[in-house]
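Architecture at a glance
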Amino acid sequence: SRLPVSENERTLPLPPTHHTHTSASCSPSLPTGDNNSPVSISPPSPPPSSSSPSASPQPDDAFTRTIQLGNDISISVTEEDIPDPPLLTFTNTNIDELNGMWDYTPKYWQDRSPLIVKNQRIPIKYWRDLYNARIKLPSGRPWKANQWKGMKTNYGRWRIIVTRWRRLSQEEFWRDFSLPDGNHMSFSSMVSHLVNLRAQEDKELADRARREQFSTVFSYVKGGQRLVKVKDQDIARQYRKLNNLTSDWDDEE
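Rules used throughout
Residues numbered from 1 in each chain as written. Predicted model: local features only at pLDDT ≥ 70, side-chain atom pairs only at ≥ 80, totals over all residues. Heavy atoms only, no water. Helix = DSSP H or I, 4+ residues; strand = E, 2+ residues; numbered from the N terminus. Buried < 20%, exposed > 50% of the residue type's maximum accessible area, 1.4 Å probe, protein only. Contact = heavy atoms within 4.5 Å. Axes fitted to C-alpha atoms, helices over the stretch in contact; angles between N-to-C directions. Parallel < 35°, antiparallel > 145°, perpendicular 65-115°, else oblique. Nonpolar A, V, L, I, M, F, W, Y, C, P; charged D, E, K, R; others polar. Salt bridge = Lys/Arg side-chain N within 4 Å of Asp/Glu carboxyl O. pLDDT = per-residue confidence, 0-100. Expected span 1.5 Å × (residues − 1). Phe/Tyr/Trp six-rings, centres within 6.5 Å; stacked < 30°, edge-to-face > 60°.

1. Quick word on the overall build of the protein
Across its full length, the protein holds seven helices and six strands. Seen in sequence order, the protein has helices and strands lined up from the N terminus as β-β-α-β-β-α-α-α-α-α-β-β-α. Expressed as a percentage of the 253 residues in the protein, the buried residues total 30%. Sequence separation of at least 24 residues holds for 54% of the intrachain contacts in the protein that already meet a minimum separation of 6.

Here it is as structure tokens:
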């Protein structure tokens, strides 16, 4: 039977009962091998590349071009082989010297060109090929950057003078390029005279072409659209080509 409880007796709560459990590891279980030893996990290797590594780009100083110089002469050069273009000035008194430096035509060539590359004198006619900045080096930099720009205008002037000089006798040439007082025109005046002659001839041929099958023949495609030529110079050049007309203007253009 239950004993009586005195007034001063307090009922104490029983202490909580603790149960002992074997705690599981919070780490995920790892697969084991046959000998129950842990197996390390490594990230998967990337699949082998199907293409071989690209070769390193060719250095600029190893980039070689072969220039055809006429008369079955060619020269292979790097950019470093070519010096800066020589400074040349021609007047109405030394056109024959210009003519003798222009190309390898035996009857004109005087072996006097001041540009020497790999022990070869280079005629002026081929300077454009040597200094042509449209060629890109492996780094993307233009070949002989900006050097052709500085000589392009003079090159064009020299070319049209040489072309006319060779087509005419000296008597005919100076008859065309003399002033009313009998003195010879200056070199720059001769060039201006030829530029005006070309503009006049181009306009005459362009007007003639426009009266013929113009829109179908004198046109070109750009960006998927057919455009009709508008410049007299472009129209005249094509007209001369179609009709086998000789000209001092169109050589090498």
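2. Looking at the packing of helix α3 (residues 147–167) against helix α5 (residues 187–210)
It is the contact of α3 with α5, at a shortest axis distance of 10 Å, that shows an interaxial angle of 80 degrees. Between α3 and α5, the angle falls in the class roughly perpendicular. For the pair α3 and α5, the contacting residues are R157, W158, I160, I161 and R164 in the first and F187, M190, V191, L194 and L197 in the second. Tallied by class, the residues present in the contact of α3 with α5 amount to eight nonpolar, no polar and two charged.

3. Structural notes on the pattern of salt bridges
All told, the structure shown has 10 salt bridges when counted by the stated rule. For E97, the salt bridge goes to R112, with nearest N and O atoms at 3.8 Å. Here E97 is found in helix α1 (residues 95–102), whereas its partner R112 is found in the loop between α1 and β3 (116–117), with 15 residues between them in sequence. Residue D234 is joined to R237 by a salt bridge in which the shortest nitrogen-to-oxygen separation is 3.4 Å. Taken together, the residues D234 and R237, both in helix α7 (residues 232–242) and three residues apart, mark about one turn of the helix. Overall, the relative accessible area of 27% leaves D234 in the partly exposed class. For R237, a relative accessible area of 27% gives the class partly exposed.

4. Section: the environment of W102
Looking at where W102 falls in the secondary structure, it is placed in helix α1. On the accessibility criterion, W102 (3% relative accessible area) is buried.

5. Considering the environment of Y126
When you line up the elements, Y126 lands in the loop between β4 (120–121) and α2 (127–130). Classification of Y126 by relative accessible area gives buried; the value is 10%. In sequence terms Y126 and L69 are 57 residues apart; their C-alpha atoms lie 6.4 Å from each other. Those residues in contact with Y126, other than ones at most four positions away along the chain, are Q68, L69, G70 and Y104.

6. Points about α1
Within α1, six of the eight residues are buried, leaving the element largely enclosed by the surrounding structure. Turning to α1, its buried residues number three or more, namely I95, L98, N99, G100, M101 and W102. Where α1 is buried, its residues meet α3, α4 (170–176) and α5.

7. What to know about the confidence of the model for the protein
Here the protein shows a mean pLDDT of 78. Residues at 70 or above account for 74%. Mean pLDDT values over the elements of the protein span from 69, in helix α6 (residues 214–217), up to 97, in α1. Note that residues 1–12 has pLDDT below 50 and, in this model, one contact with residues that lie over four places away or in other chains. Here residues 49–53 scores under 50 on pLDDT; set against residues more than four positions off or in separate chains, the count is zero contacts.

8. Structural notes on α5
Side chains three or four residues apart in an α-helix point the same way, a direct result of the helix having 3.6 residues per turn. Its 24 residues place the ends of α5 35 Å apart at the C-alpha level, agreeing with the 34 Å of an ideal helix rising 1.5 Å per residue. Along α5, the positions that sit buried rather than exposed are F187, M190, V191, L194, R198, D202, L205, A206 and A209.

9. Concerning the packing of aromatic side chains
Think of a pair of aromatic rings as described by two things: how far the centres are apart, and how the planes are tilted against each other in angle. Counted under the stated rule, the structure contains 10 aromatic pairs. Ring centres of F90 and W158 lie 5.3 Å apart, and the angle between their planes is 90 degrees; on these two criteria the pair is classed as edge-to-face. Separated by 68 residues along the polypeptide, F90 in the loop between β2 (73–77) and α1 and W158 in helix α3 bring together distant segments of the chain. For F90, a relative accessible area of 8% translates into the label buried. On the accessibility criterion, W158 (6% relative accessible area) is buried. When the ring of W165 is compared with that of W174, the centres are 6.2 Å apart and the planes differ by 80 degrees; the resulting orientation is edge-to-face. In this pair, the class of W165 matches that of W174, namely buried. Here a set of aromatic residues connected by ring pairs shows up, and it is made of W165, F173, W174 and F177.

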